[in-house]
Every structure is written in C-alpha cells, then in structure tokens.
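Spelled out, the chains give:
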Amino acid sequence: MARELATLAARWRGIVAVDSHPQSGPDHRTRVTLEGPEDSTRAAKREALELLAEARRRRFLDRPAFGLDDARAVVAYAEGRPRVAESLDVVRRCYDRYPADQVFLSFNGGKDCTAVLHLVASVCKVRNLSKLLCLYVEEDTFPEVDEFVEQAERYYGLDIVRKRGPIKAALRSLLEEKEGLKAGIMGTRRNDPGAANVDAFTMTDPGWPAIMRVFPILDWSYADVWSFLLTNDVPYCSLYDKGYSSLGTKVNTKPNPLLVLDEEDSVYLPAFLLSEDSAERQGRR
C-alpha cells in the first residue's frame, strides 16, 4: 500500500500530515496517522479508506490464478499456528474419507467461507485434486457479493452451482442434480446460530438432506479469521472495507455501528479493525 499512502501524502501536503508506523507482530500491520484541521483530516481519512480499498480490489483482479506456490504458503503458515494446522487437518481428513467428486463447499462469499475456501483450495492444489465444486445460494444477495463470487470462481478455478434460496431447498436441488455428493464443507463457526454443540464432522439435522457437514474453522474467532485473510493476502468481498462485519441478505444487513468513522458522511472503517469479537453481528438484524 506504499504507493497509495505516498499519493495521499502528496495530495494533502501542507494541510494534513500523513505518516505510517509499522507494527510489530505476526500480522505485519501498519498504523497510519493523519493530523491536521478537523474538516481536512476527516476528508483525508475518507480518501485514505477509498484508496486502500481500491488498491486491495485491484491487486486481486491483477494477480495470477491461485497456484501451487500459494497453496504451499498456506501449509507453511500453519506451522506453529495450531488452530490453522488443525483446520487443514480437518480438510485433509475430509478428502481422506471421501473422494473429491463426493465433496462440495458451501460458499456464500462471506469472510468465514472465504477463509475455508482458501484452506480447501490449498489442500486440493497440493493433492492435485479435481476442480472444487461450490454451492452458492442466491437469496437477496448484495451485488458486491455476487461480484466477489464471480471473481473467486475465476481466481480459484471453481465449479460453482448457483441455486435460489432458501438453503434447504437449494441443498436438496444440488444433491438431486449432482448425484453421489456425500460431504459439504462449511464456514460455520462456534458462535453461529445452531453451532454450539456440533463437531468438526456432523451429519445434517433431521428433516434436512442427509450429508456429512464438515466444519474446518469451527473454533476460530473473528480475529483469527481476519488474521488469516490479511496475513495470507486472501481476496475478500469489498463490503468488508465499507464497515460490514457480518454479511446476510440486503434486508437484514447494515454496516456495523461500532465501525463508523463519520456518521454524517456514512464513512466506516474496514471490518478487520473491529476489536470486539462479540460485536461481529451488530450490523445484522
């Protein structure tokens, strides 16, 4: 992001002082400070967020397709990080138990599913498995989510089946269309509704189509997800750069009020700056 910060500093030279301070720690973050008159600083902050968000989006679009080096980087990253290593192990056990053509990923474009997609894509690439099948349920989705799913489809080389919601009907339709599917990998975490008592491998509940649900990141926190995405430079939906910390439908999802930077101009900080895990769903209703 050095080029974007240099552009910002040049634009506001003599009005707002722009400085960057690399932070210690495994995530390699940089703290950016802006100092100047209140109105000018507010405008500079808004511009900084827009520049950095656009830089992330452009980097994703310009990069080559996900490859073996990317997959090996994730495996290396897991060394010394027990929670990530355990998640990779869950994915490996899934493919040890089921052939690749019996497995699909439930992918909704959200941050949790995106982390799982990157993990699963890494295992598939290292093992030279067939193209990953994904179920994307379209139910009052944001255009930004649809756009990101299309970008992920190209970047990871996915086979995406799009179905109209609700999820139970979509799953039943998928299983009728793709006979032989036995396991669905999901981005569910322990604090999600209905996930308090499930295990990494858990059959669907009574009344649902019978498949094995596989939950690689069940015990990850909100901070764990963002640490993984940012440190591994994983592309994610642009809504997370606009204050959305949890994505649902257009009707029930708003930016998280704890991330507001300028309420008057509706400017929000990116989701990865939310410091309270328990506040993740405050933009949902």
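Heads up: the structure comes first, above all this text.
What counts as what
Residues numbered from 1 in each chain as written. Predicted model: local features only at pLDDT ≥ 70, side-chain atom pairs only at ≥ 80, totals over all residues. Heavy atoms only, no water. Phe/Tyr/Trp six-rings, centres within 6.5 Å; stacked < 30°, edge-to-face > 60°. Helix = DSSP H or I, 4+ residues; strand = E, 2+ residues; numbered from the N terminus. Buried < 20%, exposed > 50% of the residue type's maximum accessible area, 1.4 Å probe, protein only. Arc of directions from axis to C-beta. Contact = heavy atoms within 4.5 Å. Core = buried A, V, L, I, M, F, W, Y, C linked by side-chain atoms within 4.5 Å. Expected span 1.5 Å × (residues − 1). Axes fitted to C-alpha atoms, helices over the stretch in contact; angles between N-to-C directions. Left-handed = near helix turned anticlockwise from the far one by under 90°. Nonpolar A, V, L, I, M, F, W, Y, C, P; charged D, E, K, R; others polar. Salt bridge = Lys/Arg side-chain N within 4 Å of Asp/Glu carboxyl O. Pairing = 2+ DSSP bridges.

**Q** What exactly am I supposed to notice about the packing of aromatic side chains here?
**A** A ring pair, where both rings are aromatic, is described by two values, the distance of the centres and the angle of the planes. If you walk through the whole model with that rule in mind, you get eleven aromatic pairs. For the ring pair Tyr-77 and Phe-228, a centre distance of 5.8 Å and an interplane angle of 65 degrees mean the geometry is edge-to-face. Of this pair, Tyr-77 sits in helix H3 (residues 68-78) while Phe-228 sits in helix H8 (residues 222-231), and the two are 151 residues apart along the sequence. In this pair, the class of Tyr-77 matches that of Phe-228, namely buried. On the basis of an interplanar angle of 75 degrees and a centroid distance of 5.4 Å, the ring pair of Trp-226 and Tyr-240 is categorised as edge-to-face. With Trp-226 in helix H8 and Tyr-240 in the loop between H8 and strand S9 (260-262), the pair connects residues that are 14 residues apart, well separated along the chain. Each member of the pair Trp-226 and Tyr-240 is classed as buried.

**Q** What am I meant to see in helix H1 (residues 2-11) here?
**A** Along an α-helix, residues three or four positions apart point the same way, because every turn accommodates 3.6 residues. By the burial criterion, the buried members of H1 are Glu-4, Leu-5 and Leu-8. Angular distribution of buried residues about the axis of H1 spans 100 degrees; they occupy a single face of the element. Opposite its buried face, H1 presents the exposed residues Ala-2 and Arg-3, each directed more than 90 degrees away. Where H1 is buried, its residues touch strand S1 (17-22), strand S2 (30-35) and helix H2 (38-62).

**Q** Where do I start with the nonpolar core in this structure?
**A** Taken as a class, soluble globular proteins show a tendency for nonpolar side chains to be buried jointly. Ranked by internal contacts, the top residues of the largest apolar core, which has 61 residues, are Tyr-95, Phe-107, Tyr-156, Ile-185 and Phe-228. The biggest single contributor to this core is helix H5 (residues 111-127), with nine residues. Contact partners of Ile-185, with chain neighbours within four places excluded, come to Cys-94, Tyr-95, Val-103, Phe-104, Leu-105, Ser-106, Val-116, Val-120, Val-214 and Pro-216. Residues Leu-135, Val-161, Leu-171 and Ala-195 belong to the second largest nonpolar core, which totals 16 residues.

**Q** Is there a simple way to explain H5 in this structure?
**A** Between its first and last C-alpha atoms H5 spans 24 Å; for 17 residues at 1.5 Å apiece the expected length is 24 Å, and the two agree. Counting buried positions along H5 gives 14 out of 17 residues, so the element sits mostly inside the fold. At the exit of H5 stands Asn-128, carrying a positive phi of roughly 55 degrees.

**Q** Got a minute to help me understand the packing of H3 against H5 in this structure?
**A** Between two packed helices, the angle of one axis relative to the other and the distance separating the axes together describe the packing. The interhelical angle for the contact between H3 and H5, taken along N-to-C directions, is 115 degrees, at an axis separation of 8 Å. Here H3 and H5 pass one another in a crossing that is left-handed. Of the residues in H5, those in contact with Leu-68, Ala-71, Val-74 and Val-75 of H3 are His-118, Leu-119, Ser-122, Lys-125 and Val-126. Of the residues in the contact of H3 with H5, the class split is six nonpolar, two polar and one charged.

**Q** Looking at this structure, how should I read the pattern of salt bridges?
**A** Any two side chains of opposite charge can pair, on the condition that their charged atoms come close. Tallied over the entire structure, the rule returns 13 salt bridges. A salt bridge links Lys-111 to Glu-280, with the nearest nitrogen and oxygen atoms 2.7 Å apart. One end of the pair, Lys-111, is in helix H5; the other, Glu-280, is in the segment after strand S10 (267-268), and 169 residues separate them in sequence. Lys-111 sits in the buried class, given a relative accessible area of 3%. Given the relative accessible area of 3%, Glu-280 is considered buried. When the shortest N-O distance is used, the salt bridge between Arg-213 and Asp-205 registers 3.6 Å. Judged by relative accessible area, which is 44%, Asp-205 ranks as partly exposed. Among the charged side chains, a salt-bridge network with shared partners connects Lys-111, Asp-112, Arg-189 and Glu-280.

**Q** Sorry if this is basic, but what is going on with the sheet that holds strand S8 (residues 212-214) here?
**A** Taken in spatial order, the six strands make up an open sheet running S5-S4-S3-S6-S8-S7, and their pairing is mixed. If you trace the sheet from one side to the other, it starts and ends with strand S5 (159-164) and strand S7 (201-203), each paired once. Within the sheet, the average angular offset between the axes of one strand and its neighbour, ignoring direction, is 30 degrees. Note: strand S3 (residues 103-106) against strand S4 (residues 133-138), two bridges, orientation parallel. Residue pairing in the sheet places Ser-106 in a bridge with Leu-135 of S4. In this fold helix H4 (residues 82-97) packs onto S3, strand S6 (183-185), S7 and S8, with an angle of close to 55 degrees to the strand it touches most, S7.

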